[in-house]
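Observations on the three-dimensional arrangement
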Amino acid sequence: MPTHRQRLLAAYRGETVDTLPYAPRLDLWYLANRVRGTLPPPHANRSQNELARAEGWAIYFREADDLLDPAFHAAYAHRGIGLHCPKDSIVDFVMPRDVEVTVARDDGLIRVEYRTPVGMVWSTTRYDHETQSLGISTPVHVDHVIKSPADYPAVRHLFANMDVALNPVRFERWAADIGEDGLAVAMGFAGASPMQQIQRDLIDPTQFFFHYSDHYALLRDLVEAMEPLFAKTLRLHAQGPSEIVLWGANFDDMLTYPPYFEREIKPWIDRVGAELGAAGKRLMCHCDGENLGLMDLIHESGMHIAESICPAPMTRVPLAEYYRRWSDKLVLEGGIPSTLLLRDTSDAEFESYLDEMFRAIAPGTRMVVGIADQVPPDAIFSRLQRIGDRVAREGRLPLVAGGLRPTAGLPSAAAAPATKVAVGVADAEDGLDQVWDDIVAGDQSRIRDDVAALLARGVPAEEILNRGMIDAIDDVGDRMETGEAFIPDVLLAARAMAAGMTLLEPHLATAGERRSGRVLIGTVAGDVHDIGKNIVVMMLKGMGFEVRDLGTNVSRDRFCAAVAEWKPDVVALSALLTTTMMEMGKVIAELERRGLRGQVKVIVGGAPLSDVFARNIGADGFGENAVEAVNLVKQFAAAA
């Protein structure tokens, strides 16, 4: 019988194996439960790898490092610029000799300053006991290194003069500890390309799209400065000791939307796959997002292994569709949405999904069963065991098997045609159609002039708002829901609308037309993702709502205190991680406990959520995307 390592390696190479490999990623779950003291009793004193061995599961992904231990501080010091050297790294990054680096730590905050010959830039990340108890295994961004166009020269100098050196000892020591019980995968860049690395780690995620629109030349210059570092790092991985290299992560058809993915990411996936393949190695990419709009592009890329695929009900692509469209060329890893391990999913629903999984992936070749994206801290441990039992009993290969939305030919976000909504303007010269065009094009400069001209000609502010701006933003939102527009389109349109509103607000207030409604919004504790939240904020402000944005990683106490003090009509909770979505129910429960729940409507949003989840935690509504969230707010405000 083959060992776990032999079976995984053969499966990842596309070879037929005897039985389905099962390799759940445990690091975040293990870290959170170890810190909380809630590891299952038989495993209370076991390491993460010992636990996997005891259960008979293949060891997969790195063990969770204790980042509060000073021994790991140096390895994660440069997390703020997307560089760190955990045990699955085979390289060390060498800072330029002419750059002075200063690291300051204060109560969980890590501020790193880079003084270059052309200026100083700095980043701040955070890692403390609270972060660790949530299972977060790397420091989280607080302040990104690029805050304005003025920061590009220093960041460019930093990356253009940085070096990288092969250091396989750390990785080999970790791989030796795993032995035949699993497979050590080397971690390359989390960004598949320099542009994606900038998007992920160097600029605030929302601001990135503004920079991509307004400062593309600066971005392209920085990309070119980073490419030699990427190229050398790739060569070292081709020479290194790992048969599998994970390079590129977090693909999503809204954040890495199809035209952007094809232009900025796919060429590097092709390059990395070709160079690793020539060295007898395999390229693994972390495909944990909504991949519906990227199905063909990923299939056609140089990727060998699509890791952490996350199917319906967490995304719109059923597992059977993933397997049908990808398994002729790609090896698939994952396939079991992490939400199925939470109490929100009944035992019957969980078992039904497993029943369907064995049918969906028949005959089972080119498949490794895992949890997508990873095992969440509040997972029901017995369900992990149940998956292992069923794979062992029913996973002998070959397996016997018992409306997809079209994605080909999606237009570019920049060039997506818009069908203008008739706004019923009596006078074609009144300029409302131009305001509509400004919103759709995301032109924040021109809209100020066009709104000012309309006001000067005596066009009522409420007419400009309702017939020129709101119709336009609704159209962009409708096109996003049909896959004709993407997050950048909505962000730029919302920014243009906000710019126009700065001129309209005084006139609306005078006319008594200011929309009523207060919205309190924030990303829950443990989660620092904010792009979806920011789009909602911008759209709501553009439509005249009063919005108080509490930011990210917001505690229950802060939500409750803000409700008591500010008295909003709607509270909007955001979460992007399965590790943090359960915090939403705790916020609602705390509002109830303090007697505040009856004063507000609570809506929730985020990638891993669903209508069923929202109802189960006591929310009043669920917004699948920013447009739906805004529509919910409008509905609740109108009824108030």
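Residues numbered from 1 in each chain as written. Predicted model: local features only at pLDDT ≥ 70, side-chain atom pairs only at ≥ 80, totals over all residues. Heavy atoms only, no water.

**Description of the pattern of salt bridges**
A complete count under the given rule lists 42 salt bridges for this structure. Among the salt bridges present, the one from Arg324 reaches Glu321, with a minimum N-O distance of 2.4 Å. Of this pair, Arg324 and Glu321 both sit in helix H12 (residues 319–326), 3 residues apart, roughly one helical turn. Judged by relative accessible area, Arg324 falls into the exposed class, the value being 58%. (Salt bridge = Lys/Arg side-chain N within 4 Å of Asp/Glu carboxyl O. Helix = DSSP H or I, 4+ residues; strand = E, 2+ residues; numbered from the N terminus. Buried < 20%, exposed > 50% of the residue type's maximum accessible area, 1.4 Å probe, protein only.)

**Notes on the pairing of strand S10 (residues 305–309)**
With 5 of 5 residues buried, S10 lies mostly within the body of the structure. Here 3 bridges tie strand S9 (residues 282–286) to S10, and the two strands are oriented parallel to one another. Pairing of Met284 across the sheet is with Ile305, part of S10. Tracing the backbone out of S9, into helix H11 (residues 295–300) and back to the parallel element S10 gives a crossover that is right-handed. Pairing of S10 with strand S11 (residues 331–337), which is carried by 3 bridges, proceeds in the parallel orientation. Bridging across to S11, Ile305 finds its partner in Val331. (Pairing = 2+ DSSP bridges. Right-handed = clockwise from strand over helix to strand, strands pointing away.)

**Notes on the packing of aromatic side chains**
How two aromatic rings sit relative to each other is given by the distance of their centres and the angle of their planes. Summed over all chains, the structure comprises 20 aromatic pairs. For the pair Tyr60 and Phe61, a centre-to-centre distance of 6.0 Å together with 55 degrees between the ring planes defines the contact as tilted. In terms of burial, Tyr60 and Phe61 fall into one category: buried. In textbook terms, an aromatic cluster arises when at least three aromatic residues are bridged by ring pairs, as seen for Phe208, Phe209, Tyr212, Tyr216, Tyr257, Tyr260 and Phe486. Between Arg111 and the ring centre of Trp122, over which it is positioned, the NZ or CZ distance is 4.0 Å. Here the basic side chain of Lys147 rests over the ring of Trp122, its NZ or CZ set 3.8 Å away from the ring centre. (Phe/Tyr/Trp six-rings, centres within 6.5 Å; stacked < 30°, edge-to-face > 60°. Lys NZ or Arg CZ within 6 Å of the ring centre and 35° of its normal.)

**What about the sheet that holds strand S7 (residues 186–187)?**
In spatial order, the strands read S7-S8-S9-S10-S11-S12; together these 6 strands make up an open sheet with parallel pairing. The open sheet is flanked by S7 and strand S12 (367–372), the only strands paired with a single partner.

**Overview of helix H17 (residues 461–481)**
Since the α-helix packs 3.6 residues into each turn, any two residues three or four apart lie on the same face. Given a rise of 1.5 Å per residue, 21 residues ought to cover 30 Å, and the 29 Å separating the end C-alpha atoms of H17 matches this to within 8%. The sharpest bend along H17 comes to roughly 30 degrees, located at Met469. Directly beyond the C-terminal end of H17, a positive phi value near 80 degrees is found at Gly483. (Expected span 1.5 Å × (residues − 1). Bend = angle between axes of the 7 residues up to and from the residue.)

**Focus: a negative patch on the surface**
Judged by side-chain charge, Asp478, Glu481, Asp611 and Glu624 come together as a negatively charged surface patch. Within the element layout of this structure, Glu624 appears in the loop between strand S17 (621–623) and helix H23 (626–639). (Patch = residues over 30% accessible without salt bridge, like charges linked within 9 Å, V, L, I, M, F, W, Y side chains within 5 Å. Areas by Shrake-Rupley, 256 points an atom, 1.4 Å probe, with all protein chains shown as cover. Lys, Arg positive; Asp, Glu negative; His and termini not counted. Charge placed at Lys NZ, Arg CZ, Asp CG, Glu CD.)

**Looking at the environment of Glu583**
Of note, Glu583 is situated in helix H21 (residues 582–593). According to the relative accessible area criterion, Glu583 is buried, its value standing at 9%. For the pair formed by Glu583 and Ser555, sequence separation is 28 residues and the distance between their alpha carbons is 9.1 Å. In this view, Glu583 contacts Val524, Ala525 and Arg556; residues no more than four positions away in its chain are not counted. (Contact = heavy atoms within 4.5 Å.)

**Comments concerning the packing of helix H9 (residues 216–239) against helix H10 (residues 258–278)**
When two helices pack together, their arrangement is given by the angle between the helix axes and by the axis-to-axis distance. Here H9 crosses H10 at 15 degrees, and the two axes come no closer than 11 Å. What the angle tells us is that H9 and H10 run roughly parallel. The interaxial crossing formed by H9 with H10 has right-handed handedness. Here H9 contributes Tyr216, Arg220, Glu227, Phe230, Ala231, Leu234, Arg235, His237 and Ala238 to the contact with H10, which in turn contributes Arg263, Glu264, Trp268, Arg271, Val272, Glu275 and Leu276. Class assignment of the residues belonging to the contact of H9 with H10 gives a composition of 8 nonpolar, 1 polar and 7 charged. (Axes fitted to C-alpha atoms, helices over the stretch in contact; angles between N-to-C directions. Parallel < 35°, antiparallel > 145°, perpendicular 65-115°, else oblique. Left-handed = near helix turned anticlockwise from the far one by under 90°. Nonpolar A, V, L, I, M, F, W, Y, C, P; charged D, E, K, R; others polar.)

**Observations concerning the sheet that holds strand S13 (residues 518–523)**
Strand order across the open sheet formed by 5 strands is S14-S13-S15-S16-S17, with parallel pairing between neighbours. The sheet terminates laterally at strand S14 (546–549) and S17, the two strands that pair on one side only. The mean inter-strand angle of the sheet, taken between neighbouring strand axes irrespective of direction, is 25 degrees. Pairing of S13 with S14 involves 4 bridges; the strand directions are parallel. The partner of Arg518 across the bridge, within S14, is Glu546.

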